[in-house]
Amino acid sequence: MQKKPVIWLALLTVFALVLAACGSGEETVDAGDTTTSVIAETTTTTQAVTTTTEAAPMVELVIWADENRAKAIEEVIPAFEDKTGVDVIIELVDFGAMKDQVGVAGPAGEGPDIFIGASDWVGELATNGILEPIDLGAKADDFIASAKDGLTFNGTLYGLPYAVEAIALYYNTDLAPEAPATMEDAAAACADMVDITNCIGVTGGGDGTDAYHMYPFVSAAGGYVFASTDGIYDPTDVGLDSAGAISGALALETLVKDGVMASVNYDGAKNQFLEGTEPFWITGPWELGALNDQDTVNWAVAKLPKIADGTPKPFVGVQGFFLSSFSENKLVAQTFLLDFMATEEGMAAMFAADGRPPVHNAIIAATADDAAISTFGASAADGVPIPNIPEMGAVWGALGDNMAAIRNGTVDAETAMVNAATAVREAVNQ
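The residue count restarts for each chain, going from 1 along the sequence in the order it is written. Predicted model: local features are reported for residues with pLDDT of at least 70 only, side-chain atom pairs are reported and counted for 80 or more only, and whole-chain, interface and lining totals are derived from all residues. Where side-chain values are given, they derive from all heavy atoms of the structure, hydrogens and water being excluded.

Peer 1: Just to check I follow, could you spell out the environment of G150 for this structure?
Peer 2: Along the chain, G150 turns up in helix α5 (residues 145-150). Take G150: its relative accessible area is 6%, and that puts it in the buried class. Should any heavy atoms of two residues lie within 4.5 Å, those residues are counted as being in contact. When sequence neighbours within four positions are dropped, the list of residues in contact with G150 reads S119, V122, V318 and N388. The helix and strand labels rest on DSSP assignments: H or I over at least four residues marks a helix, E over at least two residues marks a strand, and numbering proceeds from the N terminus. In this scheme, a residue with accessible area under 20% of its type's maximum is buried, one over 50% is exposed, and one in between is partly exposed, where area comes from a 1.4 Å probe on protein chains only.

Laid out in structure tokens, this is it:
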């Protein structure tokens, strides 16, 4: 194949080194801006007058990605393979199962060199020794700070970011021509509508507990999960039963009691909006594709309305590439990430495939005229990173269950938040 000359050159180089030194050699791969050295294992066996030299093993990179993101990665692979002679193999893994599978396969020597993932995985995977730190070098300034912060744990960067996400407010422009500035404004608009059974669609009710989508009600008036200083979280300082968190929960309870926010799960909220019977729907940029592909509803997107006189701070998640600490090809993998993915071409391909707001400055500038993408970016700017410490695992169920209880009318708002905070403290202190 055309892409193999470097390998052949490397083998010849190794052979020459073996003849000269009868030891191990070093293959140099020129990959554009980065020169990657790959230690090539050689074995010299002397039997009587015969010397046998084994060829250096073929280097392969294994990347785990889901089907959607794999399409974008595939676009940059040919240039990398042609430049380096290294084969890249993409293995499709469901995004939701990625973290657990990496945690098992990596230590067993069966995992990927590179895998995609989310910012809230970082603390757990770094603590368990799964992640290798990444040095972006001169490329660091090409990415917005909040994206890098989301993939940083205890002061160390563990990923190459490519997208950021936070929820915002979709609204049906035929039913609600103007976006509400406050949740009270939304409720007032709902009161003027007829034949609307669910005016403000938010997942987190019914059988679909969802702390992620409910968090703006916690944060708007100053509530928080864990206190933090300079990005360092204190898991012993839980703020789910703080005055601000309870104030936001009371605002949620009012919307439920007033009948403008029904207790729906994710599919219920989505289907009602797409059917044109739900004026407002709170969710993320991952639904832009579905909305762009339909012609039933005229829609727009706006930042979240104020809640309890405060600006909601939605959870901000960062999507990125991670390098496995169990990879035997770390230098080559880092070359792939820095010289081929952390480029305008690589980041543009990821944005085209995924649709989430970009974090590379050049791609942000290129998408400035996209109102929806810009709005989701502005919502993320209001938000707070999802705490990426392992203790966050105790929060999702406790907070989601208790806010669903408010949505379902089975527990009052203050009791629900006290219960959530107590459950998190007990889990953290175990």
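Peer 1: When you look at the packing of helix α2 (residues 67-84) against helix α11 (residues 330-341) in this model, what are you seeing that I'm missing?
Peer 2: Geometry of a packed helix pair, given as the angle between the helix axes and the separation of the axes. To get an axis, fit a line to the C-alpha atoms, keeping to the stretch in contact for a helix; angles then go from 0 to 180 degrees between the N-to-C directions. Running from N to C, α2 and α11 cross one another at 115°; their axes reach a closest spacing of 10 Å. In terms of crossing hand, the pair formed by α2 and α11 is right-handed. On α11, the residues touching I73, V76, I77, A79, F80 and K83 of α2 are V332, T335, F336, F340 and M341. The classification used treats Ala, Val, Leu, Ile, Met, Phe, Trp, Tyr, Cys and Pro as nonpolar, Asp, Glu, Lys and Arg as charged, and all other residues, Gly among them, as polar. Tallied by class, residues from the contact of α2 with α11 come to nine nonpolar, one polar and one charged. A clockwise turn of the near helix away from the far one marks a right-handed crossing, whereas an anticlockwise turn of less than a right angle marks a left-handed crossing.

Peer 1: Even after reading the chapter, I still don't get the side chain of T283, so can you show me in this structure?
Peer 2: Positionally, T283 belongs in strand β15 (residues 280-283). Overall, the relative accessible area of 0% leaves T283 in the buried class. A distance of 3.4 Å separates the side chain of T283 from the side chain of Y266, its partner in a polar contact. Other than its neighbours up to four places away in sequence, T283 contacts I167, A168, Y170, H213, Y266 and F376. Pairs of N or O atoms within 3.5 Å make up the polar contacts considered here, provided that, within protein, one atom can donate a hydrogen while the other can accept it, and that residues adjacent in sequence are counted only when both atoms are side-chain atoms.

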